[in-house]
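# Reading the structure
So the chains spell out like this:
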Amino acid sequence: MAKSVKTTTINGNFKGKDILSLDQFSPKDISILFKRTLKMRDIGANARPSEILKGNIVTLIFYEPSSRTFGSFGASVKQLGGATIDILDPKSFSSVSKGETLEDTIRVFEAYCDAIVIRHPNMGTAQKAAEAAQHVPVINAGDGIGEHPSQALLDLFTIYEHAEKLDGLTGVLAGDMLNGRTVHSLIRGLAKYKKNKLYLLSPKELKLSREDFRKFSESGISLIEISSTQDIPRDADFWYWTRVQKERFKSLRKYEKVKNKFILDNRLISERAGINTIFMHPLPRVGEILTEVDNDPRAAYLRTEVRNGMYVRMALIALVLGKIK
Ligand code: NCD
């Protein structure tokens, strides 16, 4: 059967839909996803055998290096009894190296599976893949500097678990606002809720593009750009640190100039964090959070955030495949 729904709002019904952007989600959709995520946590955390995705195959096609997101999606499918076709680095190892177009690759693989998860270095490519796929839904696992919706959903889940709400929050996003796709999706997500305030801490070269800043601000979220750790508010609910996206720079020199300007360490925590501030990071970190922070009970990045990623993706895939309602 041909796919009838393309990029569109979820509107309470995930089945068959491409997941490309946080713009597709309403707070109600996010709350449906989170309720299912709690069930998935029960399956995942208690190693309960599940057959929800038995007989289903999901293709994971990653044109950009990935271990975390790739592993997380793979584990999610397998936790639910499904199987994956894993294509890492198709530029070197597949017909793509012979010059095959993205469209053809997608048309071929959709014949083998029930959903495609794609990561690509160019913004907009997940959308192109979704348009090429005629029968199966496509999930964006990161398209260049564009978006990374499943990461933002797991980040929102982690914040919700901690703060028990998704409105009236104060957060700090630090690092690469310009190129960070997880940041772009997370801001879109938090903008769905009322009275959220975000402090964006970055070197001036890595501020949000003016277009994004205007678009996000108009969508109702309060964004305050800061350039010093001294401007971090003391009452934040979460700090979301990010890596400067080296692969997006034209020259190594330019990258070296702006990398690791803001380090999350115990000193900064004692100066600026509150007792309820949680510390988050999409990972991988490359020096911007010191390991001395890892054992702080407020550090979520290597604990809840990673696990939540798997549970959220389990719920998302099962919903998109219509295996749960
Ligand atoms: C993020 C990404 O790929 O955008 N990582 C991830 O999904 N695990 C963040 C990053 O690479 O910095």
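Below you will find a few notes about this structure. Just so it is clear, the model here is predicted, and its values are computed rather than measured.

## What to know about the site of the ligand
Around the ligand, the neighbouring residues are Arg 68, Thr 69, Arg 119, His 148, Gln 151, Arg 181, Thr 182, Arg 243, Gln 245, Pro 282, Leu 283 and Pro 284. Contacts to the ligand include His 148, whose side-chain N or O atom sits 2.7 Å from an oxygen atom. Here an oxygen atom of the ligand and a side-chain polar atom of Arg 181 are 2.7 Å apart. For the ligand, whose free accessible area comes to 310 Å², the fraction covered by protein is 94%. Residue composition of the shell around the ligand, grouped by class: three nonpolar, five polar and four charged. There are two domains that each give the shell around the ligand at least three residues, and those are domain 1 (22-147 + 309-320) and domain 2 (149-306).

## Things to note about the sheet that holds strand β8 (residues 238-241)
Taken together, the five strands give an open sheet; going across it, the order is β7-β6-β5-β8-β9, and neighbouring strands pair in parallel fashion. Only two strands of the sheet have a single neighbouring strand rather than two, namely β7 (222-226) and β9 (278-280). Between one strand axis and the next, the sheet turns through 20° on average, direction left out of account. Bridge count for β8 against β9 is three bridges, and the pairing is parallel. Of the residues in β9, the one forming a bridge with Tyr 240 is Met 280. Helix α7 (residues 181-190) contacts β5 (170-174), β6 (197-201), β7 and β8 of the sheet and is inclined by roughly 150° relative to β8.

## Here we look at the side chain of Gln 151
Structurally, the position occupied by Gln 151 is in helix α6 (residues 149-163). Judged by its relative accessible area of 6%, Gln 151 is buried. Setting aside chain neighbours within four positions, we find Gln 151 in contact with Thr 182, Tyr 240, Pro 282, Glu 305 and Arg 313.

## What about α6?
Taking 1.5 Å as the rise per residue, α6 with 15 residues should run 21 Å; its terminal C-alpha atoms sit 21 Å apart, in good agreement. With 11 of 15 residues buried, α6 lies mostly within the body of the structure. Among all positions of α6, only Pro 149, Ser 150, Gln 151, Ala 152, Leu 153, Leu 154, Asp 155, Leu 156, Phe 157, Thr 158 and Ile 159 are buried. In the stretch just after α6, Glu 164 is the one whose phi turns positive, near 60°.

## Observations regarding the sheet that holds strand β4 (residues 138-143)
Strand order in this open sheet of four strands is β2-β1-β3-β4, and the pairing throughout is parallel. Two strands close off the open sheet at either side, each with one partner strand: β2 (83-88) and β4. On average, each strand axis in the sheet is tilted by 10° relative to the strand beside it, whichever way the strands run. Pairing of strand β3 (residues 115-120) with β4 involves four bridges; the strand directions are parallel. Bridge pairing links Val 117 to Ile 139 in β4. Along the sheet, helix α2 (residues 68-79) contacts β1 (57-62), β2, β3 and β4; its crossing angle with β2, the most-contacted strand, is approximately 165°.

## Describing the pairing of β1
Burial runs high along β1: five of the six residues are buried. Bridging between β1 and β2 involves six bridges; their strand directions are parallel. Looking across to β2, one finds that Leu 60 is bridged to Asp 86. Taking the sense of rotation as the criterion, the β-α-β connection linking β1, α2 and β2 turns out right-handed.

Rules used throughout
- Residues numbered from 1 in each chain as written.
- Predicted model: local features only at pLDDT ≥ 70, side-chain atom pairs only at ≥ 80, totals over all residues.
- Heavy atoms only, no water.
- Near = heavy atom within 4 Å.
- Polar contact = N/O pair within 3.5 Å; in protein donor to acceptor, adjacent residues only side chain to side chain.
- Areas by Shrake-Rupley, 256 points an atom, 1.4 Å probe, with all protein chains shown as cover.
- Nonpolar A, V, L, I, M, F, W, Y, C, P; charged D, E, K, R; others polar.
- Domains from an automatic or database assignment.
- Pairing = 2+ DSSP bridges.
- Helix = DSSP H or I, 4+ residues; strand = E, 2+ residues; numbered from the N terminus.
- Axes fitted to C-alpha atoms, helices over the stretch in contact; angles between N-to-C directions.
- Contact = heavy atoms within 4.5 Å.
- Buried < 20%, exposed > 50% of the residue type's maximum accessible area, 1.4 Å probe, protein only.
- Expected span 1.5 Å × (residues − 1).
- Right-handed = clockwise from strand over helix to strand, strands pointing away.

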